[in-house]
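Each chain, written out:
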Amino acid sequence: MKTTLLFTDDNRLANRPISYKDIDEKALHAMVQSAVNVELFTIPLYMTSLYSLQGMHEINSKGSNFYEGRKWPGMAAAAKPQSENEQAFNAVFSVFVAEMLHLQIISNLAKVVGYDPKFTCEPLQDEKTYAWKCYSPDSSVLPGILDFKDTVKSTHIKVKLGPMDKDQCNLFLAIEQTEKAALADIREDKKHKYEEKAPYNNWKEGQPLPMFGSIGNMYLQLWNYLSIEYVDGITLWEIVYKKGLAKSQAVSTKGGDNRKLEYAIQKEVFNPGRLDATQTSQDEYPYMPTSINTGDLEKALYDVLNMINGITDQGEGGGVIDEILQRVSKSRNLKAPLTLTVVQDMFQPKCPVLRAKYPSFNATGVEVDSAKAEARGHFGKMDHYETFAFVLELVRSGKIETWDQWHAKGNKWTPEMLQTKAYNPALYPQLPLSGDVAGALNRLKLNDADGKNFDLFSRASTGAIAGVTRVLNDYFQNPKTAFPYPSMGGSGDRLSICWAVFGKVPDISLGVTSKDYPPLNRNEHLYHACQGLNLDEDIVKDPASCAPVQLFHACKGSNECKGEGGCGFVQSTGGGGGCGQPTNNAFLKAKGSKVSPYSPPSDNACGSLGGCAVPMSASQMYPSLSAPNEYQMQLNDFGPKPKYQPTPFAIVVYAQGDLVYDVAWNAYAAVFKKRGVPIPEKPKPSDLRLAFPPST
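As a starting point, this report considers the structure included with it. All figures in this text were calculated on a predicted structure; none of them were measured in a lab.

In this section: the packing of aromatic side chains. Under the criterion given, the structure shown has 29 aromatic pairs. Between Tyr-631 and Tyr-654 the ring centres are 5.4 Å apart and the planes differ by 75°, which places this aromatic pair in the edge-to-face class. In this pair, Tyr-631 is assigned in the loop between helix 16 (585-591) and strand 7 (632-638) and Tyr-654 in the loop between strand 8 (646-653) and helix 17 (660-675), connecting sequence segments 23 residues apart. Given a relative accessible area of 22%, Tyr-631 falls into the partly exposed group. Through a chain of ring-to-ring contacts, the aromatic side chains of Phe-119, Tyr-475, Phe-476, Phe-483 and Tyr-485 assemble into a single cluster. Looking at Lys-504, its charged tip hangs above the ring of Phe-454, at a distance of 4.0 Å from the centre. Its end group placed over the ring of Phe-649, Lys-674 keeps NZ or CZ at 5.6 Å from the ring centre.

Right, dumping it as structure tokens:
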């Protein structure tokens, strides 16, 4: 099929020998992975600076007053931003979410061309420890794009993590500058490094691609590859599109879905109506293609073009779409250049949808103006370059304060900092007092002469981000895998609390563990979720010790095994894990249970059950459940290694407002009682658990 949107005027792309088909496909896949890397690279970078902004936030939810009168360190979006810090947070938050959108778009495009995108790989991360290798005070390289040492005006820029200051804003502006500005800044004697055009005849699989110089040029070279036409008249676009569909059909069939797919597996976080036309009221970008749901080769390519246009219009690449259309028009001998029938408003989020999808609540659980809708709606009208220019001016005003500056002034935590006027410790007396939390925040820094606490918080931050990226590896391959929403919030919490406690940038280059650290062996041990909850009789150590840092996570999707369940987002024992159907129906019938009970924290029978967020915050409580659910949990004992087969033995009742750790401890004690083993003394909450905020 001859498509009207691919280049045909370039002799390099026409009549290509068939022998190049395989290597061209591999090069295209490498290019798509480079685009995934570019979008993913910006997310921890922007997020780390975002949470360096000094401030506090409440933790509120619909119909709940659990945390009335209490505040936690770290900023959040504001519905009515007043201070410079609030304005800066809203601005960068809007860019951060847009980068997640771009990551979804390019990942969906990858699936269409038959490639499974990777989110935990080189050159960004160490694939074993999840350490981020691409940021360093000495680095000058935007992965796959540009080395700032090769520029005229930007040689001073370092690709590092840091607080929201002038250096970081200048880095962000350099990343988001237009294609024209980026190429103009490259030194004449270095331009040859960035001018190689696709197809790359000397490239071999496993080698890095030539650097692109700009994000826009990356997408231009991608379009070159799609446009390759072989001597048999077939384009590379036709080849990879058909392979993408066939691969997705194979995955869907293997997963038990007998439907005949008409297009490659696509995932939607932002525009669910793209996948189900009955849900268009939930689409945040109703006029912007963010996935490809057509079996028509030409329409699919038009969507690809619009998806690239959306990415570049929102902040990257500038005029690459105009160049593509001008070249297509020239190849077709058109008198007037082709244009996309879109307007800039197409790429802006719709505020009514945002308000409905992301409501905000006050401390008593009453709905108020949506903070996320305000942040994204207001700054969604600006491209990313304009947004960071705005933030730079706020920084230059001297009215922005970051956590490192706050600590440099000698500030220490007091109970009053963690309270509002409504603070009443008698409201929920099971919660830690604000003075206890303040004391923990101070001690974690004061008692860190050896740096072990900072090391732990940094690795916890790395692990929380890995809780997103590891799940994304499966999310774009498995139609049934859900997006790790809790991990997105949890990673922000971890970064924020690290900044607030130590006044230093979280060092996510450390990884979850060091390279030399022995991996966890689940055939030898049953690892536990939190402080003192060890059910493995072979592990002899401090009974108050917490879970190994490798098991820290903030989402059920990153809870991989039995015994690792955490916080108050309960999961039914009737499903939710990759270990099949853990519920014993005969057991439930014997116990007279009418519904499938919930899985207890740290006594869960398989991965994904038992909730999330490890370690458990000392302030985490169980929320209300809607009818006809019951406040019941199924307790399990575990058999010998290596399988540690779970056996249900009791159903216990818990209640709204119970502390999650208390429920976990009661389950732990019940198992010990069943075994006839003495129950250890319940430990007091550690400073780590006191400092960590509850999940929402």
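Still to come is the rest of the account.
This part takes up helix 7 (residues 297-314). One turn of an α-helix holds 3.6 residues; hence residues three or four places apart share an orientation. With 18 residues, helix 7 extends 26 Å from end C-alpha to end C-alpha; this agrees with the ideal 26 Å at 1.5 Å per step. Among the 18 residues that make up helix 7, 15 are buried, leaving the element largely enclosed by the rest of the structure.

Here we take up the side chain of Ser-227. Along the polypeptide, Ser-227 turns up in helix 5 (residues 215-227). Given the relative accessible area of 2%, Ser-227 is considered buried. The contact partners of Ser-227, leaving out residues within four places of it in the chain, are Leu-6, Phe-7 and Leu-13.

Below, the discussion takes up the packing of helix 3 (residues 166-176) against helix 11 (residues 384-396). Contact geometry for helix 3 and helix 11: axes closest at 9 Å, N-to-C directions at 165°. On the basis of the axis angle, helix 3 is roughly antiparallel to helix 11. Remark: the crossing between helix 3 and helix 11 carries left-handed chirality. Touching Lys-166, Cys-169, Asn-170, Phe-172, Leu-173 and Glu-176 of helix 3 are His-384, Tyr-385, Phe-388, Ala-389, Val-391, Leu-392, Val-395 and Arg-396, all from helix 11. Taken together, the residues of the contact of helix 3 with helix 11 break down into 9 nonpolar, 2 polar and 3 charged.

Rules of the game
- Residues numbered from 1 in each chain as written.
- Predicted model: local features only at pLDDT ≥ 70, side-chain atom pairs only at ≥ 80, totals over all residues.
- Heavy atoms only, no water.
- Phe/Tyr/Trp six-rings, centres within 6.5 Å; stacked < 30°, edge-to-face > 60°.
- Helix = DSSP H or I, 4+ residues; strand = E, 2+ residues; numbered from the N terminus.
- Buried < 20%, exposed > 50% of the residue type's maximum accessible area, 1.4 Å probe, protein only.
- Lys NZ or Arg CZ within 6 Å of the ring centre and 35° of its normal.
- Expected span 1.5 Å × (residues − 1).
- Contact = heavy atoms within 4.5 Å.
- Axes fitted to C-alpha atoms, helices over the stretch in contact; angles between N-to-C directions.
- Parallel < 35°, antiparallel > 145°, perpendicular 65-115°, else oblique.
- Left-handed = near helix turned anticlockwise from the far one by under 90°.
- Nonpolar A, V, L, I, M, F, W, Y, C, P; charged D, E, K, R; others polar.

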